[in-house]
Amino acid sequence: MKNLVIDIGNSAIKFAEVYNGKSGKAKFENYLKNDFEKKIGSVLNQKNKYDLIGISCANTNHANFIEKKFKNPNIKLIRRDSKLPIKINYAKTLGTDRICGGLGAVKKYTERKNILVIDFGTATTYNIISDKVFKGGLITPGIKTALNSLIQNTSLPLPEIKFKKKLYYKDTINNISNGIILQSLFFTERIITEYKKEFRNLLVISTGGNAKYIFPLTKLINKNEPALNLEGLNCFLEQNQ
């Protein structure tokens, strides 16, 4: 069985081939609003190579374009009302990327009752799954989103994002870089602490492109799973063959 799983985010298309349930190395295609159709076309132009293609796409317009342009019974878009191995106790606005993260976590850590998935992307989302029920969570600006907003609304310089283990510096570049990281780190640690008061033996998993900035700095996140959403998307395909 050879599948293709595609996670369409706000600024990038992440995809990987899956052979008999095992995911290969993920690839990325960054896109702008005006070239999305071209980029997704380049990813799907070899669709006949795969048994099934699973797509997660939170943007409704993008999802509608894919359904109309690539009419193929083997291309399946995950939705809130799809056949899923978890229940969803959340409004219809739930993004499919968050669903995929929950699916990936539940499949990979079947023995755990309570799981928190933190997806560090364009937005940082905090997602609670308890007894295989998606309970909800929080959405905050992502690390780079917060940085870009700060730079666009001030006359401050744009730094390279990096962290050095100091709480203060005497130059603006390091003030900004460390401030952005510590803002996300301290908020994340406080949220985890509060969730643990309600959900016992909570397993905390990070994922997403910006997890690399936070996971090494804290002991409160148990696992980092870069391919979690893609693994969850393949789990959806297995349920809907």
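Every residue gets a number counted from 1 within its own chain, in the order that chain's sequence is written. Residue-level local features of this predicted model are given only where pLDDT is at least 70; pairs of side-chain atoms are given and counted only at 80 or more, and the full residue set underlies all totals for whole chains, interfaces and linings. Side-chain metrics rest on all non-hydrogen atoms present in the structure, leaving aside hydrogens and water.

Draft legend 1. View of the side chain of D7. Helix and strand assignments come from DSSP, with helices taken as H or I runs of at least 4 residues and strands as E runs of at least 2, each series counted from the N terminus. Structurally, the position occupied by D7 is in strand β1 (residues 2-8). A simple rule labels every residue: compare its accessible area, found with a 1.4 Å probe on the protein chains alone, to the largest value its type can have, and call it buried under 20%, exposed over 50%, or partly exposed in between. Under this rule, positive means Lys or Arg and negative means Asp or Glu; His and the chain ends count for nothing. Any carboxyl oxygen of Asp or Glu that lies within 4 Å of a side-chain nitrogen of Lys or Arg is treated as forming a salt bridge with it. In this structure, D7 is buried with no salt-bridge partner, the nearest side chain bearing the opposite charge being K14 at 6.1 Å. With residues near it in sequence (within four places) discarded, D7 still touches A12, I13, K14, S56, D97, N229, L230 and L233. Any pair of residues with heavy atoms lying within 4.5 Å of one another is described as a contacting pair.

Draft legend 2. View of the pattern of salt bridges. With the rule as written, the count across this model stands at nine salt bridges. The partner of K108 in a salt bridge is E225, with the nearest N and O atoms 2.9 Å apart. With K108 in helix α3 (residues 96-108) and E225 in the loop between β12 (223-224) and α7 (228-239), this residue pair connects regions lying 117 residues apart in the sequence. You can call K108 partly exposed: its relative accessible area is 39%. Note on E225: relative accessible area 11%, which makes it buried. Residues E194 and K197 are paired through a salt bridge, measuring 3.1 Å at the closest nitrogen-oxygen approach.

Draft legend 3. Up close: the packing of helix α4 (residues 143-152) against helix α5 (residues 172-198). Orientation of α4 relative to α5, taken along the N-to-C sense of each, is 135°, at an axis distance of 10 Å. Viewed along their axes, α4 and α5 adopt a mutual orientation that is oblique. In the crossing of α4 with α5, the sense of the turn from one axis to the other is right-handed. Of the residues in α5, those touching α4 at I143, A146, L147 and L150 are I176, I180, I181, Q183 and S184. Each residue is assigned to one of three groups, with Ala, Val, Leu, Ile, Met, Phe, Trp, Tyr, Cys and Pro labelled nonpolar, Asp, Glu, Lys and Arg labelled charged, and all others, Gly among them, labelled polar. Classifying every residue of the contact of α4 with α5 by side-chain character gives seven nonpolar, two polar and no charged. Whenever a helix is involved, its axis is fitted only over the stretch in contact; in every case the axis is a line through C-alpha atoms, and angles between N-to-C directions fall within 0 to 180 degrees. For classification purposes, angles smaller than 35 degrees are called roughly parallel, those larger than 145 roughly antiparallel, those between 65 and 115 roughly perpendicular, and all remaining angles oblique. Crossings are sorted by hand: turned counterclockwise from the far helix by less than a right angle, the near helix makes the crossing left-handed, and turned clockwise it makes it right-handed.

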